[in-house]
Amino acid sequence: MDKDLFKKICGSFTTGVTVITSKDKNIDYGFTANSFTSVSIDPFLILFCLNKDAKSNIALNNKSYFNVNILNEQQTNICNQFANNKFTPEQRFNNIETKNSSNQIKIITNSIAYLECQVTSKIESGDHYIYIGKVLEGHSSDKALKPLVYQNGLIKKLL
Ligand SMILES: Cc1cc2nc3c(=O)[nH]c(=O)nc-3n(C[C@H](O)[C@H](O)[C@H](O)COP(=O)(O)O)c2cc1C
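Here is what the cut-offs are and how they apply
Residues numbered from 1 in each chain as written. Predicted model: local features only at pLDDT ≥ 70, side-chain atom pairs only at ≥ 80, totals over all residues. Near = placed C-beta within 6 Å. Helix = DSSP H or I, 4+ residues; strand = E, 2+ residues; numbered from the N terminus. Nonpolar A, V, L, I, M, F, W, Y, C, P; charged D, E, K, R; others polar. Pairing = 2+ DSSP bridges. Axes fitted to C-alpha atoms, helices over the stretch in contact; angles between N-to-C directions.

Caption draft 1: Region of interest: the site of the ligand. The full set close to the ligand counts 17 residues, and Ala33, Ser35, Ala54, Lys55 and Asn85 are the nearest of them. The leading source of residues in the shell around the ligand is strand β5 (residues 45-51), at 4 residues. Looking at the shell around the ligand residue by residue, the classes come out as 10 nonpolar, 6 polar and 1 charged.

Right under this line is the structure:
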């Protein structure tokens, strides 16, 4: 199989969109991720995959805190801003409303939900790291928000 076919097949799998936020030396980091998935209920564990070249790796070490922010359909601009690798970590947060979770990691306001987590494992896998985190706390919006959806390289909305 060639790379294009692999990317086409994986891209046909429809996902939601998250922004994973973290912090190192008082600098906030964040990147757009669709590789988020739940792993275990007992204990609560989740994972995401991050390219080895991504800046957020600086902030994701054993026991680092991070938040998974699940984006709603009105947050396409946030999805794009946190996927733009021309932006510095600080620029990613420009004009984006946030507050801090209990471990001082950014929560993106009006997201569908967020989970605050702590890294328990970092697994080297090809050109990515798989990060597994235990879930410390979370919140789900009371509003009936629809998700942002990603498929075939495009950001979409549910009908
Ligand atoms: C919808 C969407 C989902 C993405 N999911 C991931 C992902 O799961 N893992 C990843 O490493 N990059 C993912 N990316 C790309 C990163 O958001 C992008 O490369 C970002 O610039 C990486 O951060 P950096 O600039 O700090 O390296 C995704 C991009 C988009 C638009």
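Caption draft 2: Looking closely at the sheet that holds strand β10 (residues 128-140). Read across the sheet, 7 strands follow the order β3-β2-β6-β9-β10-β5-β4 without closing on themselves; strand pairing throughout is antiparallel. Both outer strands of the open sheet, β3 (27-33) and β4 (37-40), are each paired with one neighbouring strand and no more. Along the sheet, successive strands turn relative to each other by an average axial angle of 35°, direction set aside. Sheet analysis places β4 next to β5, joined by 3 bridges and oriented antiparallel. If you follow Ser40 over to β5, its bridge partner there is Leu45.

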